[in-house]
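Understanding the architecture of this molecule
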Amino acid sequence: SNSGDMKFHASSERVRILASNGNVGIGTVSPGKKLDVAGDIRINTNASMFLGRFSDAQETTLVAGLVAGDGGAQWFNTTDSQFKGWNGTAVIILG
């Protein structure tokens, strides 16, 4: 039952927090992860944000979604075992 779920509605879009497991869904009524987004996301922040662990192929997809001016994104590349980041214009190796 989803009677304990917290739901927010704006037009046809939905945000749902499942009471049973605390998962948050945006654009989905049944989030399967702690944050489950149905569709594209954009992260635009000047604060440092660790995005996770990505292979080379996943990193390529991630970087394709970044635009000039976005900053503060950091991640770990599991293919070459390097911490990388986006400085607002390009990918840089952090270590």
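Analysis parameters
Residues numbered from 1 in each chain as written. Predicted model: local features only at pLDDT ≥ 70, side-chain atom pairs only at ≥ 80, totals over all residues. Heavy atoms only, no water. Patch = residues over 30% accessible without salt bridge, like charges linked within 9 Å, V, L, I, M, F, W, Y side chains within 5 Å. Areas by Shrake-Rupley, 256 points an atom, 1.4 Å probe, with all protein chains shown as cover. Salt bridge = Lys/Arg side-chain N within 4 Å of Asp/Glu carboxyl O. Helix = DSSP H or I, 4+ residues; strand = E, 2+ residues; numbered from the N terminus. Buried < 20%, exposed > 50% of the residue type's maximum accessible area, 1.4 Å probe, protein only. Core = buried A, V, L, I, M, F, W, Y, C linked by side-chain atoms within 4.5 Å. Contact = heavy atoms within 4.5 Å. Pairing = 2+ DSSP bridges.

**A word on a nonpolar patch on the surface**
On the surface, F83, I92 and L94 cluster together to form a nonpolar patch covering roughly 250 Å² of accessible area. Relative to the helices and strands, F83 resides in strand 7 (residues 82–86).

**Points about the environment of G25**
Position of G25 among the secondary structure elements: in strand 3 (residues 24–26). For G25, a relative accessible area of 0% puts it in the buried group.

**Focus: the nonpolar core**
Counting six residues, the largest nonpolar core is built from F54, L62, L66, A73, W75 and W86. Filtering out sequence-adjacent residues up to four positions away, L62 remains in contact with L51, F54 and W75.

**What about the pattern of salt bridges?**
Throughout the structure, instances matching the rule amount to two salt bridges. When the shortest N-O distance is used, the salt bridge between E59 and K84 registers 3.4 Å. Within this pair, whereas E59 is found in helix 1 (residues 56–64), its partner K84 is found in strand 7, the two being separated by 25 residues in sequence. Pair check on accessibility: E59 and K84 agree, each one buried. When its relative accessible area of 8% is taken as the criterion, K84 is described as buried. The network of salt bridges with shared partners includes E59, D80 and K84.

**Focus: the pairing of strand 6 (residues 73–77)**
Taken across its five residues, strand 6 has four buried, putting it largely inside the fold. In textbook terms, the turn of a hairpin is the stretch between consecutive antiparallel strands, and for strand 6 and strand 7 this stretch comprises four residues, one of which, S81, has a positive phi near 55°.

**Section: the pairing of strand 7**
Across five bridges, the pairing between strand 6 and strand 7 is antiparallel. Following the sheet pairing, A73 is matched in strand 7 by W86. Following strand 7, the chain reverses through four residues before pairing antiparallel with strand 8 (residues 91–93); G88 in that reversal takes a positive phi of roughly 105°.

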